[in-house]
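Residue strings, one per chain:
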Amino acid sequence: MNGIRLILLAVAVAIAWRLFKNWRARRAVDSPDRPKQTRDQRRDRQGTGSGQKGIDTIRCDHCGTHVPVGRELRAHGRTWCSRECRDADREKSDRD
Ligand SMILES: [Zn+2]
């Protein structure tokens, strides 16, 4: 009878061990590595990439080129697209 008991005990332990391992594996899959929502992270780039409708531009006082606001050079109430235009404009105004 002892032999059968031992076998039954071994089987019970084996089953319990299996269940435990299963439960642990499931838990490991469920909690720490949740599937990241990469699909929804695609950004809609409509309206931002194509064209420059939303960008404010400012006109260079020297050459007339329109430059995005923030890239222009300003001094003494005048606006330029680049240093070259600023210097050229200054030289010109100095002559006048
Ligand atoms: Zn210019």
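Each chain has its residues counted from 1, running along the sequence as written. Note on the predicted model: pLDDT of at least 70 is required for a residue's local features to be given, and 80 or more for side-chain atom pairs to be given and counted; whole-chain, interface and lining totals, by contrast, use all residues.

The protein chain is annotated in an unreviewed UniProt entry as MYND finger from Thiohalospira halophila DSM 15071.

Further remarks concern the overall build of the protein chain. The secondary structure content of the protein chain amounts to two helices and four strands. For the protein chain, the α and β elements follow one another from N to C terminus as α-β-β-β-β-α. Residues counted as buried form 7% of the 96 residues belonging to the protein chain. Throughout, a residue-residue contact means that the two C-beta atoms, derived from backbone geometry, are no farther apart than 7 Å. In the protein chain, once contacts between residues fewer than 6 apart in sequence are set aside, the share between residues at least 24 apart is 10%. Only DSSP runs of H or I with at least four residues qualify as helices, and only runs of E with at least two residues qualify as strands; both kinds are numbered from the N terminus onward. Three exposure classes are used, all based on how many other C-beta atoms lie within 10 Å of a residue's own C-beta (placed from the backbone): buried at 20 or more, exposed at 12 or fewer, and partly exposed between those limits.

Attention now goes to the confidence of the model for the protein chain. The predictor reports its confidence for every residue as pLDDT, a score running from 0 up to 100. Residues of the protein chain with pLDDT of at least 70 account for 75%, and the chain-wide mean is 81. In the predicted structure, residues 44-50 sits below a pLDDT of 50 and forms one contact with residues beyond four places in sequence or in another chain.

Okay, the environment of T57 next. Looking at the element boundaries, T57 is found in strand β1 (residues 57-59). Taking the C-alpha atoms as reference points, T57 and P68, separated by eleven residues in sequence, lie 4.2 Å from one another. If we ignore the near neighbours within four places in the chain, the residues touching T57 are H66, V67, P68 and V69.

Another aspect to go through is unusual backbone geometry. For H76, which is not a glycine, the phi torsion comes out positive at approximately 50 degrees. Secondary-structure assignment places H76 in the loop between β3 (73-75) and β4 (78-80).

With that settled, consider helix α1 (residues 2-30). An expected span of 1.5 Å times one less than the residue number is assigned to each helix. Along its 29 residues, α1 runs 42 Å from first to last C-alpha, staying within 8% of the 42 Å computed at 1.5 Å per residue. Within α1, only zero of the 29 residues are buried, which leaves it mostly out in the open.

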